[in-house]
Amino acid sequence: MSQAPRKAPPEGQGLGALGLKLGLSRLALWWEGAWRALWPPLGVIGAFLALAFTGLLPALPPVLHLLILIGFAAALGYLGYRAALGLSAPAADAAARRLERDSGLAHRPLAVLADRPAGNDPMAQALWQAHRDRAAAELGQLRVARPSPGLASRDPRALRAAVLVALVAGLGMAGREAPERLLAALVPPFAEPAAAPTALAARFEAWVTPPAYTGAPPQFLKVEGGAVAVPAGSRLHMVFSGSANPPELRLGSTVHAFARMDAQSHTVELPLTEGGTLVLKRDGRDVAQWALTLTPDAPPLVTWDPAPARAGRGLGLRLPWKAEDDWGLVSLRVELRLKQRPTAPPVVQDMPLPGGAPRQAQGAAQHDFSTHPWAGLEVEARLFARDGAEQEGKSEGAFLVLPERRFSHPVAQQLIALRRALSLDPGARDPARRELDRISNAPEAFEHDTGMFLTLRAARHRLGRDRRDEAVPEVQQILWDVAVALEEGRTDRTARALNQAREALREALEEARRDNPERSPEQRAELQRRIQELREAIRRHLEALAERMQRENNEALSYDPQQRVFDRRELERRTRRLEDAARDGRQEDAEREMAELEEMLQALEEGRTSRTEDRQRQQRQRGQQQMGALQDMVRREAEMLDRAHRRSGEQENTRGDQRRPQQQQQRSQTPEAREEAARDARTQRALRRALGELMQQVGELTGDVPAPLAEADRAMRDAAEALAEGRDPRAAQQQAIRALTEGGRQMSQRMQRQFGPPQPGEGEGEGEGEGEEMAGGQQGSEGQENQLGEGRDPLGRDRREAGGSAQDNAGDTLVPGEAERLRSHQLQQELRRRGAERERAPVELDYIDRLLRRF
């Protein structure tokens, strides 16, 4: 049998699918051949792109840049030529063989289908047909495998993957600048590129950074230019990229040069010291232009508000102030200068500011200068405020006399006068020495106290021998200490010495018990010495008490066993027992005797202070009664304000027009509303009379009347006149409530400073009857609930359905009334006042700042 030439497969069933698979096999062969031929030139192109995206080529010297470009071009040309030679269309037989190989078929079944028998022998024809049928049956197993160019064998080091990773990384580095970097890599910088393409690639960013103390964010300049205003002291930053030649920045008549960051980027940074026209130029053409204005930083403004004066109680100096700055205050201080000696160094006292750097602040500091050598002399007080730019603003000078302590002892008065004279003239040492000689030569004036005599003589010799400038202040401090000791008296001095001896002996006993229960001879001697010191301190204190009682026309100390008031013999027995127990090493007995001795000494101290405590308790009770009456006034004023709100709402509903004349508004009131307003007018006048009586009582108790109470009196007068004339009294009533609340706060602070805080058990059942005596018997203080008012919650808010709060139709949504808004405002003011007192604990100040941020 001879084989005829192969032809295309005959048409018939399954030949269409066979042709499709042969076409896919032929396409796969073409892809494999093309990829094997093209991957070297593609790898060269990828490597060049990766290198171009990094921006490295423009930074190289132009010659080296050109050589690299030539090398890439040569490699690409050579590999491209080889790839072109290797590209050819695959033959049909090759596609059939690949399809048979991919399908795992042997004996070339596709070739069997294309062949024909050479003879016409029927037997041969039947045998060949059976062979064809078997080959056709295998066509269902044909499949086309995925293309496999076999690059792994040609590139065993996987350089193609490295090129791909480098290309992705370079593209990520370039970002939006990828076109500009590719263009810069293709053109060596032998000359500036054409204007049009470079102008499209160039871009810039400019921003102004204000000074740090302003807290202002950076301000970006618009690309199209325009007007911009920035604080003085700001700095301009500008970055220009996309051009090898640096641009030019001109501010006014000054040109500022750019610094090169890389081959295509430039930057400049300069402080803005003047305004003017800011122009960015490139290649002689204006890129952008701004009208720059510098906002000057004004120095702080600080004033007295009102003038400084002595505090209402005590020896403190009240320093009210008000300050502001356009960017915030950093510090505040007060300087005191002696009027009669202006060249003396000033007394400087820092004053606290609220948290942060406030732009506006107001407060009042209180400092005690009564111990200063200038106390009792006229000084000039001046405030100084400083901002973040180290600028200072100062207030007008205020002249005042520093509060001083009053001394009753004659020698103390002479020493204080001498101390004051040295403040006026520190060079007058000889007159001061003669005065000290005169005082020390009369020891009977200070009870022949040897310690004071030696102290005065030491001060006298220091003035003569120590020529340092600091010697005068040191002597002034000595004179002050001696004067205070004389003023306090011998009794107070012996009492302090007695307390010190008690503490020393107690510490010795505790140390002996802790370290060595079996005390050594040295420890026993130390205990005996401490006991002897205590005995001597008790003797001196009893003598001082006896002398004082003789001056007060009392014969001697009376003995009362129930109250454990002791005499000299009982103290001596207790001290002897303590000494025997300590000498014999009986620790428990010594501690018991020490405890009983301290109890007796405590009874002595309580006997001295009981009269003072009773007087302070009575004063606190009077103060609590007055505070209760004031709270009752606030309650009644708030009730009248609620009624005024209700009347106003009723008038609006009946009138229907808020813009009618005043006469029509009065005519629109119902008879019940006019009668209620008349009653409120009478109550308002009664409250005002009661407030006047309360102000008089407060002045008698504390020596000063808070200023807000006078404001409340004026507001009550205006409210009463408005009610009588049928006008709206709400503004005056609101002012009265605010003033009464502030006055109550100041009253409470002054009473606590003067009489101390209320003790446990005080204030129960107090305040009754005080309110009835005021306001013609219309006010009363029946405990805390009645002070708040019937129908009010513990915060003083109205719980009634009509009155101080408006309600919606559903009745479940309460809108705060005027009284509630006033109380909220008062809480905010109190928090701000406490936040300005920076001497408070940091935890408390942080809590106050967080509360204020919520408002």
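Higher on the page you've got the structure.
Below is a short write-up of the structure.

Once that is clear, we can look at the packing of aromatic side chains. Inspection of the entire model under this criterion finds five aromatic pairs. Geometrically, the ring pair formed by phenylalanine 48 and phenylalanine 72 is edge-to-face, given 5.4 Å between the ring centres and 65 degrees between the ring planes. Linking phenylalanine 48 in helix H1 (residues 15–53) with phenylalanine 72 in helix H2 (residues 62–86), this pair joins segments that are 24 residues apart in sequence. Phenylalanine 72 sits in the partly exposed class, given a relative accessible area of 21%. Judged by centre distance (6.2 Å) and plane angle (80 degrees), the ring pair of phenylalanine 204 and tryptophan 290 falls under edge-to-face. Placement of phenylalanine 204 in strand S1 (residues 203–209) and of tryptophan 290 in strand S10 (residues 285–295) is noted, with a sequence separation of 86 residues between them.

Another aspect to go through is the pairing of strand S5 (residues 248–251). With burial as the criterion, only one face of S5 is covered, namely that bearing Leu249 and Leu251; the residues Glu248 and Arg250 on the opposite face remain uncovered. Examined bridge by bridge, S5 and strand S6 (residues 254–257) share four bridges and lie antiparallel to one another. Within S6, the position partnered with leucine 251 by the bridge is threonine 254. Linking S5 back to S6 in an antiparallel pair, the connection comprises two residues, with glycine 252 at a positive phi of about 70 degrees. Here four bridges tie S5 to strand S9 (residues 276–282), and the two strands are oriented antiparallel to one another.

Glancing now at the sheet that holds strand S2 (residues 219–220). Remark on secondary structure: sheet strands pair via backbone hydrogen bonds, oriented parallel or antiparallel. Sheet architecture is open: five strands sit in the order S2-S1-S4-S8-S7, paired in antiparallel fashion. Of all strands in the sheet, those with a lone pairing partner are S2 and strand S7 (259–260), marking the two edges. In the sheet, S1 pairs with strand S4 (residues 235–241) via seven bridges, with the strands oriented antiparallel. Residue alanine 206 lies in a different strand from S4, and its bridge partner there is methionine 238.

Turning our eyes to something else, we now look at the sheet that holds S5. Ordered by their spatial adjacency, five strands build an open sheet running S3-S10-S9-S5-S6, and the pairing between neighbours is mixed. The outermost strands of the open sheet, each flanked by one partner alone, are strand S3 (226–231) and S6. Within the sheet, the average angular offset between the axes of one strand and its neighbour, ignoring direction, is 25 degrees. For S9 and S10, the ladder comprises seven bridges, and the chain directions are antiparallel. From the neighbouring strand, arginine 282 faces S10, where its bridge partner is arginine 285.

The rules behind the values
- Residues numbered from 1 in each chain as written.
- Predicted model: local features only at pLDDT ≥ 70, side-chain atom pairs only at ≥ 80, totals over all residues.
- Heavy atoms only, no water.
- Phe/Tyr/Trp six-rings, centres within 6.5 Å; stacked < 30°, edge-to-face > 60°.
- Helix = DSSP H or I, 4+ residues; strand = E, 2+ residues; numbered from the N terminus.
- Buried < 20%, exposed > 50% of the residue type's maximum accessible area, 1.4 Å probe, protein only.
- Pairing = 2+ DSSP bridges.
- Axes fitted to C-alpha atoms, helices over the stretch in contact; angles between N-to-C directions.

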